[in-house]
Amino acid sequence: KAGVTQTPRYLIKTRGQQVTLSCSPISGHRSVSWYQQTPGQGLQFLFEYFSETQRNKGNFPGRFSGRQFSNSRSEMNVSTLELGDSALYLCASSLATGDYNEQFFGPGTRLTVL
Amino acid sequence: DAKTTQPTSMDCAEGRAANLPCNHSTISGNEYVYWYRQIHSQGPQYIIHGLKNNETNEMASLIITEDRKSSTLILPHATLRDTAVYYCIVRGHNAGNNRKLIWGLGTSLAVNP
């Protein structure tokens, strides 16, 4: 069974631009969560989607948004990029929402904002 | 939600057991201890979790103290491929907010030949 895939793996943008990252969950998984990981910080939760609905949201500004499609694939968007948005963005999928369902992580998208 | 404290870094000789400690003194009765690891340039990988009994799987063993305020992850025969950052997280099994946990910086384990 294929794992979680994320595209692109690397991305370079400039301040003020916007970016869209994509995540394809493991086949059959319906929950997708997004995390931001920066040097000196642990993983910080962005949001979780299940059945095309946002179920949980972390403490990030409105510039960070996401969506999920009917095939469970998910995208996250960051508008008006800032230097501090440079990070590894990780996507994780699980069978269902709820924390008793184990999450499987993708390799991440490394975003650099210049 | 309970927070965890881990050493910043540890070294281990290849073939020896790696014992990674974690303090979680504010853990509540319904919170589990989870361990993940993150190998360089990869996403985190689940290792093991437990509530109060010791647990073992093909990857590792988890020893939780009787008062549940600390735990130790044991890699019985560390290999070079075990070099990674190891995260100890406590979380409940209630639906809702536990995805919001901040994972912390973990322990950077270096397995040396």
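Each value, and the rule that gives it
- Residues numbered from 1 in each chain as written.
- Chains lettered and ligands numbered in written order.
- Predicted model: local features only at pLDDT ≥ 70, side-chain atom pairs only at ≥ 80, totals over all residues.
- Heavy atoms only, no water.
- Pairing = 2+ DSSP bridges.
- Helix = DSSP H or I, 4+ residues; strand = E, 2+ residues; numbered from the N terminus.
- Disulfide = S-S within 2.5 Å.
- Buried < 20%, exposed > 50% of the residue type's maximum accessible area, 1.4 Å probe, protein only.

Draft legend 1. The sheet that holds strand E7 (residues 70-75) of chain B, seen in detail. All names here are of chain B. Strand order in this open sheet of four strands is E2-E7-E6-E5, and the pairing throughout is antiparallel. In the strand order of this sheet, the two ends are held by strand E2 (18-23) and strand E5 (55-56), each with one partner. Two strands pair when backbone bridges link them, and E5 and strand E6 (residues 61-64) are joined in this way by two bridges, in the antiparallel orientation. Pairing of Thr-56 across the sheet is with Ser-61, part of E6.

Draft legend 2. Focus on the state of the cysteines. Residue and element names in this part refer to chain B. Tallying each qualifying case throughout the model produces two disulfides over all chains. In this model Cys-22 forms its disulfide with Cys-88; the gap between the sulfur atoms is 2.1 Å. Around the S-S axis, the bridge from Cys-22 to Cys-88 shows a dihedral of about -80° and counts as left-handed. Residue Cys-22 is found in strand E2, and its partner Cys-88 is found in strand E8 (residues 84-92); the two are separated by 66 residues along the sequence. For the residue pair Cys-22 and Cys-88, the accessibility class agrees, reading buried in each case. A disulfide-free cysteine, Cys-12 has its sulfur positioned 18 Å from the sulfur of Cys-22, the nearest such atom.

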